[in-house]
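# Examination of the molecular architecture
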Amino acid sequence: MRYREPAVAGRFYPDNPGDLIQQIASYFDQPSHSTIVPKAIIAPHAGYFYSGAIAAAAYRLLANKKPAYNKVLLLGPSHYVGLRGAALPRSDRFITPMGEVAIDRELVEALLYQRLAIESDTAHQQEHALEVQLPLLQYCLSDFSLVPVVVGDSGSEAISKLIKATLSYAPDRPAPLVVVSSDLSHYHSYPLANRLDQETRSTILALDTHLTSQQACGCHAINGLLDYGKQQGWQIQCVSHANSGDIMAHNEHRAPRDSEEVVGYASFVLY
């Protein structure tokens, strides 16, 4: 067995299993009143203090799927490694404080055979964008296998093809859930970030596949998902949004400061 150990446990989220479950559970104390059954979600990947509740607003919708999803295609940006195209791991399992997540090696090998991605443990080793989604998935899904994809510089059509190949690999089996990990704008003043992120949310809701890295760090994966979703006739909704200035103001019981440099977060559901 080849394992990918957690890289940001204890920093982005608790490394103690009990503390981690308790923190995640606090985001799910209010049930969703939506009946939407997701085909895909887009969720942020900052530390749970900042973006956990916004991500969980989309993850709560997974409870509407009966039986539960048993496979997840997880895509997110490459923050640490220069990468063109997409990268799959050599690992057999990803580890979190909540246990092991099995990699679907059969599907990974099929995507590699079709040259829709390269194989690279280096791209996955330190990448937090995928890792922070795993405990949320483990909390929502009792048992699932994973196809984890780090996405570098890539056109929307290439990522759309990878998504299509994954979702159509075994048409006699339930389709995997698609999860794209992305934050929005980074380190602008609070008023400017609000304007930029509102424009970005409108772009995503229009299924416009021309997002840039200035709008969302996971722009390439989002563009590919939107391209595929448009082909399939999927609909999309924004589930929740805020920025780090909003989170800090809420926790400090004050109004957001215009001078703060903030990071934007939003979650979406495609169905």
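The rules behind these values
Position numbers for residues count from 1 along each chain, tracking the sequence in the order it is written. A pLDDT threshold of at least 70 governs which residues receive local features in this predicted model, and a stricter bar of 80 or more applies before side-chain atom pairs are shown or counted, although totals over entire chains, interfaces and linings include all residues. Calculated side-chain values reflect all of the structure's heavy atoms, with hydrogen atoms and water omitted. A helix here means a DSSP run of H or I that spans at least four residues, while a strand means a run of E at least two residues long, and both kinds are numbered starting from the N terminus. Expected span of a helix, by definition, is 1.5 Å for each gap between consecutive residues, and there is one gap fewer than residues. Buried means the residue's accessible area, taken with a 1.4 Å probe over protein chains only, is under 20% of the maximum for its type, while exposed means over 50%, and partly exposed covers the values in between. Here the positive residues are Lys and Arg and the negative ones are Asp and Glu; neither His nor the chain ends is included. What makes a salt bridge here is a side-chain nitrogen of Lys or Arg within 4 Å of a carboxyl oxygen of Asp or Glu, nothing more. Two N or O atoms form a polar contact when they lie within 3.5 Å of each other; inside protein one atom must be a possible hydrogen donor and the other a possible acceptor, and for residues adjacent in sequence the pair counts only when both atoms belong to side chains. We call two residues contacting when some pair of their heavy atoms lies within 4.5 Å. Any two of the Phe, Tyr and Trp rings considered here, Trp counted by its six-membered ring, make a pair once their centres fall within 6.5 Å; the pair's planes then place it as stacked at under 30 degrees, edge-to-face at over 60, or tilted in between. Whether a charge sits over a ring depends on NZ of Lys or CZ of Arg being within 6 Å of the ring centre and within 35 degrees of the ring normal.

So, on to helix H2 (residues 48–59). Between its first and last C-alpha, H2 extends only 14 Å over 12 residues, short of the 16 Å set by a 1.5 Å rise per residue. Among the 12 residues that make up H2, nine are buried, leaving the element largely enclosed by the rest of the structure. For H2, every residue scored as buried is listed here: Tyr48, Ser51, Gly52, Ile54, Ala55, Ala56, Ala57, Ala58 and Tyr59.

The topology assignment puts Asp183 in the loop between strand E9 (177–181) and strand E10 (186–189). Of the side chains bearing the opposite charge, Arg201 lies closest to the buried Asp183, which forms no salt bridge; the N-O distance is 12 Å. A distance of 2.9 Å separates the side chain of Asp183 from the backbone nitrogen of His45, its partner in a polar contact. When neighbours within four sequence positions are excluded, Asp183 is seen to be in contact with Pro44, His45, Ala46, Gln215, Ala216, Cys217, Val263, Gly264 and Tyr265.

Let's shift gears to the packing of aromatic side chains. The tally for this structure, following the rule as stated, stands at four aromatic pairs. Plain terms: the ring middles of Phe49 and Tyr50 are 5.0 Å apart, the flat faces sit at 90° to each other, and that makes the pair edge-to-face. For Phe49, a relative accessible area of 44% corresponds to the partly exposed category. Assessed through its relative accessible area of 30%, Tyr50 is described here as partly exposed. Of note, Arg4 hangs over the ring of Phe94, and the distance from its end group to the ring centre comes to 5.6 Å.

Right, let's get into the side chain of His45. Take His45: it is sitting in the loop between strand E2 (40–43) and H2. Only 3.5 Å separates the side chain of His45 from the backbone nitrogen of Ser182, close enough to count as a polar contact. For His45, the contacting residues outside a window of four places in its chain are Phe12, Ser51, Pro77, His79, His128, Ala129, Val132, Gln133, Ser181, Ser182, Asp183 and Cys217.

Turning our attention to the pattern of salt bridges. All chains considered together, the criterion is met by 10 salt bridges. In this structure, Glu131 and Arg4 form a salt bridge, with 2.6 Å as the shortest nitrogen-oxygen distance. On the criterion of sequence distance, the pair formed by Glu131 in helix H5 (residues 128–131) and Arg4 in strand E1 (residues 3–4) is long-range, its members being 127 residues apart. For the pair formed by Glu131 and Arg4, the shared burial category is buried. Between Glu119 and Arg90 there is a salt bridge, with its nearest N and O atoms 3.5 Å apart. Here the residue Glu119 occupies a position in strand E7 (residues 118–119), and Arg90 occupies one in the loop between strand E4 (86–88) and strand E5 (93–96), the gap between them amounting to 29 residues. For Arg90, a relative accessible area of 36% translates into the label partly exposed. Three or more residues are tied together by salt bridges with common partners; here these are Arg90, Arg105, Glu109 and Glu119.

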